[in-house]
Amino acid sequence: MQKNYKMILGYDGSRYSGWEHKTGRDTIQGKLVQVLGHLTDEPVHIIGAGRTDAGVHAKGMVANVVLDTELSDMELKDYVNHYLPEDIVVYEMTEVPERFHARYNAIGKTYQYRIYDGRQKPLFDRKYVWTTEKKTDVERMREGATYLQGTHDFAAFCKNPQKKKSTVRTVDRIEIERDNDYVTLTFHGDGFLYHMVRIMTGTLVQVGLGRMEPSQIAKALATGERTLAGVTAPSQGLTLVQIDYPAR
């Protein structure tokens, strides 16, 4: 009997070409399909809540898959973790109603981006932070973030927006905190466009380094011109933290 399973998983994306399966490349989705494929003769279709880019990490990615197996939820989770590489882990694997869809049922996402701006090289964190050449002004970054919060057309903060799809999104929370030489940006919204979090981060860093005025963000939003926003932050500093779903 086929059952729908919800997975909550984490991964170090350093050596992967993103979430989505790509022929001839290592991806998170591809590794999961490879492992779960040994349990069934039917094609395995894994639906992720989103598509993280190459090099992006996750602590709370959600996916669902339909399987015909007699294994219990715990046995299935243990089986998957046994055969997955050490940089991917399934924290939870539970049977859910057949109507559950990891992508379409999601109502919010939380991402975090970490920056290091100290004098010494961040040796053991180097794969998980963006190292800037000088200190960022967190207060200026917070001022810039006020322009990004709310419901806007984020076309200027998206790589190659598709004309047929809406680029309007709601970002209801941006928190920027400093802990010594580390700056952490936390973004929560109803959804994010391709490279949107990385471009918002890059823009706020440009503001924090004094290369942009906070008010320039308003102009970028109003015009939709990508060139008016900041650089795209490197992928390694970004982590998908959590996916929100309606309460049952």
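On a predicted model such as this, the values are computed, not experimentally measured, just so you know. (Residues numbered from 1 in each chain as written. Predicted model: local features only at pLDDT ≥ 70, side-chain atom pairs only at ≥ 80, totals over all residues. Heavy atoms only, no water.)

Chemist: Quick rundown of helix α2 (residues 73-83)? Include the residues and the values.
Modeler: Along an α-helix, a turn takes 3.6 residues, which lines up residues three or four apart on a common side. Along α2, the residues that are buried comprise L76, K77, Y79 and V80. Within α2, the buried residues cover an arc of 160 degrees as seen down the axis, which keeps them to one side. Within α2, the exposed residues directed more than 90 degrees away from the buried face are M74 and H82. Elements in contact with the buried residues of α2: β1 (2-11), α1 (28-36), β3 (57-68) and β4 (88-96). (Buried < 20%, exposed > 50% of the residue type's maximum accessible area, 1.4 Å probe, protein only. Helix = DSSP H or I, 4+ residues; strand = E, 2+ residues; numbered from the N terminus. Arc of directions from axis to C-beta. Contact = heavy atoms within 4.5 Å.)

Chemist: How would you summarise the nonpolar core if you had to cite specific residues and measurements?
Modeler: Soluble globular proteins tend to bury their nonpolar side chains together. Core analysis: the biggest nonpolar cluster contains 70 residues, and L9, M93, F157 and M200 have the highest contact counts within it. Here M93 is in contact with Y5, K6, M7, L36, V65, L67, D73, L76, K77 and V80, once residues within four sequence places are set aside. (Core = buried A, V, L, I, M, F, W, Y, C linked by side-chain atoms within 4.5 Å.)

Chemist: Break down the side chain of K31 for me, with residues and values.
Modeler: When you line up the elements, K31 lands in helix α1. For K31, the residues in contact, after removing those within four places along its chain, are Y16, D26, L84, P85 and I88.

Chemist: How would you sum up the environment of H38? Please name residues and give values.
Modeler: Along the chain, the position of H38 falls in the loop between α1 and β2 (46-48). Judged by its relative accessible area of 65%, H38 falls in the exposed class. For the pair H38 and Y83, spaced 45 residues apart in sequence, the C-alpha separation works out to 10 Å.

Chemist: How would you explain the layout of surface pockets if you had to name every residue and give the values?
Modeler: What the largest pocket holds in volume is close to 1200 Å³. Taken together, 41 residues line the largest pocket, and the ones lying closest to its centre are R51, R103, F192, L193 and Y194. Listing elements by their share of the lining of the largest pocket, those giving two or more residues are β2, β5 (108-116) and α4 (196-208). One number sums up the size of the second largest pocket: a volume of about 270 Å³. When grouped by side-chain class, the residues that make up the lining of the second largest pocket number five nonpolar, one polar and three charged. (1 Å grid on protein atoms, 1.4 Å probe; cavity = no way out; pocket = protein on both sides within 12 Å on 5 of 7 lines; lining within 4 Å. Points joined across faces, edges and corners; volume = space filled by probe spheres on them. Nonpolar A, V, L, I, M, F, W, Y, C, P; charged D, E, K, R; others polar.)

Chemist: Can you break down a negative patch on the surface residue by residue, with the values?
Modeler: Residues D41, E42, D68 and E70 make up a contiguous surface patch of negative charge. Considering the arrangement of structural elements, one finds E70 in the loop between β3 and α2. (Patch = residues over 30% accessible without salt bridge, like charges linked within 9 Å, V, L, I, M, F, W, Y side chains within 5 Å. Areas by Shrake-Rupley, 256 points an atom, 1.4 Å probe, with all protein chains shown as cover. Salt bridge = Lys/Arg side-chain N within 4 Å of Asp/Glu carboxyl O. Lys, Arg positive; Asp, Glu negative; His and termini not counted. Charge placed at Lys NZ, Arg CZ, Asp CG, Glu CD.)

What is shown is where atoms sit, not what they do.
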